[in-house]
Amino acid sequence: MTTPTTDKIPYGGDYTPEQWPEPVRDEDHRLFGEARIDTLTVGVFIWSLTQPAEDTYDFTVLDGILDRAAAEGRRVCLATGTAALPPWLARAHPEVNRTDFEGRRHRYGQRHNFCPSSPAYRRLAAALADRLAERYADHPALLAWHINNEYGGACYCDLCAAAFRVWLRERHGTLDALNDAWCAVFWSHRYTDWDEIEPPSALTEHWRGPDHTAFQSITLDYHRFTTDALLGCFRAEKDAIRRHDPRTPVTTNFMGAYRPLDYHRWAPHLDFASWDSYPPLDAPPTRAALGHDLMRGLKGGAPFWLMEYTPSTTACRDVNPLRRPGELRLATWQAIAHGADATLYFQMRSSRGACEKYHGAVIGHAGRDDTRVFREVAAVGRELAELGPATLGARTPARTALLFDWDSWWALEFSDGPSRLVRYQEVVHAYYRAAREAGADVDVVAVTADLTPYDVVLTPALHMVKGDLATRLESVAARGGTVLTTFLSGRVDEHDNAFLTDVPGPLAGLMGVRVDEWDSRPAGTVNPVVLGTGDEALHTEARLVFEIVLPRGAEPVGTYQADFYAGTPAVTRHRVGESGGEGWYVATALDQPGVDWVVRRVLARHGLVGPYAGHPSVETAARVTPDGTHLFFLLNHAPDPVSVNVHATAVDLLTGKRAERGEALTLDPRGVRVLRVE
């Protein structure tokens, strides 16, 4: 299975007509036609309507929604509706209500309110999915299945405790193996019976919240268990759908770099990846781009769906800025440039009440078609309709990989020391941002990914090194490639136990260094660092963690300028064998200019600095279609026009205009060009 088969980029979004009377729905479909909306995500939170009692199903409302969509020539992404319990289920089976981190059994309310280990929840959710698939598998409007919604959260009830013990038996096999993996002799924790094991919570191993745990290995395994428990719920619903519908692709909407769930464990079970993109609207463009590339990497580079993004503003933050004119179009094309084969909004019409009534929408409460937002949505709709299938199925020809690892994320941020101020996502984003702003296409992939296609592999904050990863990274350098890693990498094994060797553990040979000590300081403490020498030298700053490095074959590229370790290496380069391969080690949290300096030198030796790297507001991305057509995207994130010289003769698919190589091309404020390279 791959992404759904369409003749253009599906365009539309979440639609909840169950909130509105029939005349409003009539007007909605008229407006959808005006905006070229062709795809609707429906049924996401409709369980209490489709099943008003345990032994009663009523598909009247859903029948009307799908039949109307088909009559209007629109397709639907049909949700199973199982993300939020109906009230009767929580009353009839109170064990479905989650127990929180503090040990409180919740009563009915909110959403994502189910225990993933509850037999009643799993049985009834799968039964609903079964009924839906039986009824709608052959419906002419059906385009894709959407299971649940934004899976997340954890439960600490007795059912989850029992399921955790079963999971641990399957993972570790014996108590001796578990005790060894958890270093259970510490603080007298050696277990002699599986029933002695408790979920790590505020009542057991934690203090000061979820990141402060006495036993990192236990908490790490509980995160892995929670990922698998929720995945089990997804798989049960997918199996129910497949009993009636073996063809229609199935997905669930992820949330990008979302810490609680390891999406790499889910990837094999999705027919196609999809996600909801809600970066802070004042974040750099690379924040959303990182999410896009992470989602594309889940399925080996296959296109994904942008399942939700706002046409104007969010409502879930304390302050919710509005998209400026042109930003909606730019966000749409940025997603397509990074591999999206669908762009869908949340939401099509503003909710009538409750906590999302002020969330941005294509159509506001008044139902007008003359708002700025509606006009921008309609303009994008016309553009996508005119583009047709030109970008569908296209892949990204990246030669740079960035390894993203949930286990390293969890282990680093659960750890006591060296610094709780280091945040995995911030470190990863700094190196991703540097590569993207240098013009490199980047595949964001799991640590288990095949690394042979890549000349450069970036592994920032690779705290945990598992399996044969160190050997595969050495192979990249052995064939002439470059591997870059950073401070706090190579520290622990898959169980979060320290390697009984010098830091950076299994990476030491490749990096050619030994970390002798490390110094952690408050956020305001700066150690100046000089990178390079002579005319190319950069004076930059470092913070948070300062590893004291002893070269073991590596040469210094940058040095600390302060404290007792002034003059010692802050950045090193190790030449590997006769191949010309290199291992770069960055021993501290450089500021962004410092990260940029290092990454550009790594990319430059492989010819991977892009032709537009001198234009800081211009984002580029490449895709290659199944028939071999090369597409090149230019996106101007500035509110002012930018002039660039075209790097190759090409035709702009949005205007039909041809540009010769070297010709000056003006990008409008927040403008977009989609070039078919000739």
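Predicted model only: the values in this text are computed from it and were never measured.

This part covers the sheet that holds strand β9 (residues 340-345). Paired through their backbone hydrogen bonds, the strands of a sheet run either parallel or antiparallel. An order of β5-β4-β3-β2-β1-β9-β8-β7-β6 is seen for the 9 strands of this open sheet, with the pairing classed as parallel. Either end of the sheet is taken by a strand with one partner, and the two such strands are β5 (250-251) and β6 (253-254). Pairing between strand β7 (residues 274-276) and strand β8 (residues 304-308): 3 bridges, direction parallel. Within the sheet, the bridge partner assigned to W275 lies in β8 and is L306. Of the strands in this sheet, β2 (39-42) and β3 (75-79) are in contact with helix α3 (residues 60-71), which crosses β3 at around 155 degrees.

Looking now at the pattern of salt bridges. Counting across every chain of the model gives 57 salt bridges. Measuring nitrogen to oxygen at the nearest pair gives 3.7 Å for the salt bridge that ties R436 to D441. With a relative accessible area of 5%, R436 lands in the buried category. D441 gets classed as buried once you look at its relative accessible area, which sits at 17%. If you follow the salt bridges from partner to partner, you end up with R171, D221, R224, D405, D407, K466 and E494 in one network.

A large share of helix α13 (residues 406-414) lies buried, amounting to 9 of its 9 residues. Residues of α13 that are buried include every one of W406, D407, S408, W409, W410, A411, L412, E413 and F414, and no others. The inward-facing, buried residues of α13 contact α8 (216-242), α9 (263-266), α10 (285-298) and α14 (424-437).

Further remarks concern the sheet that holds strand β25 (residues 658-659). Taken in spatial order, the 5 strands of this open sheet run β21-β22-β27-β24-β25, and their pairing is antiparallel. Of all the strands in the sheet, just β21 (618-624) and β25 have a single pairing partner and so form its edges. Examined bridge by bridge, β21 and strand β22 (residues 630-636) share 7 bridges and lie antiparallel to one another. Each bridged residue has a counterpart across the sheet, and for A622 the counterpart in β22 is F632. Against the sheet, helix α11 (residues 327-337) touches β21, β22 and β27 (672-677), its axis set at about 150 degrees to β22.

We now examine unusual backbone geometry. Looking along the chain, the bond that leaves F346 and enters Q347 is cis, with omega of 15 degrees. When you line up the elements, Q347 lands in the loop between β9 and α12 (372-387). Its identity as a non-glycine residue notwithstanding, A354 has a phi of 70 degrees, on the positive side.

We now examine helix α1 (residues 22-35). In this model, α1 (14 residues) spans 20 Å end to end at C-alpha, consistent with the 20 Å of a helix rising 1.5 Å per residue. Tucked inside the fold, the buried residues of α1 contact β1 (11-14), β2, α3 and α12. Phi turns positive one or two residues past the end of α1, at R36, with a value near 65 degrees.

So, about the packing of aromatic side chains. Counting across every chain of the model gives 35 aromatic pairs. Between the aromatic rings of W167 and F225, the centroid separation amounts to 6.4 Å while the plane-to-plane angle is 70 degrees, which identifies the pairing as edge-to-face. Taken as a pair, W167 in helix α6 (residues 158-172) and F225 in helix α8 lie far apart in primary sequence, 58 residues in all. Relative accessible area serves as the criterion here: at 5%, F225 is assigned to the buried category. An angle of 80 degrees between the planes, with centres 5.0 Å apart, marks the rings of F564 and Y565 as edge-to-face. Judged by relative accessible area, F564 falls into the exposed class, the value being 62%. Members of the aromatic cluster, connected to one another through ring pairs, are Y151, F234, F254, Y258, Y263, W266, F404, W406, W409 and Y424. Above the face of the F114 ring, R98 is positioned so that its terminal group lies 5.0 Å from the ring centre.

Reading the values: the criteria
Residues numbered from 1 in each chain as written. Predicted model: local features only at pLDDT ≥ 70, side-chain atom pairs only at ≥ 80, totals over all residues. Heavy atoms only, no water. Pairing = 2+ DSSP bridges. Helix = DSSP H or I, 4+ residues; strand = E, 2+ residues; numbered from the N terminus. Contact = heavy atoms within 4.5 Å. Axes fitted to C-alpha atoms, helices over the stretch in contact; angles between N-to-C directions. Salt bridge = Lys/Arg side-chain N within 4 Å of Asp/Glu carboxyl O. Buried < 20%, exposed > 50% of the residue type's maximum accessible area, 1.4 Å probe, protein only. Expected span 1.5 Å × (residues − 1). Phe/Tyr/Trp six-rings, centres within 6.5 Å; stacked < 30°, edge-to-face > 60°. Lys NZ or Arg CZ within 6 Å of the ring centre and 35° of its normal.

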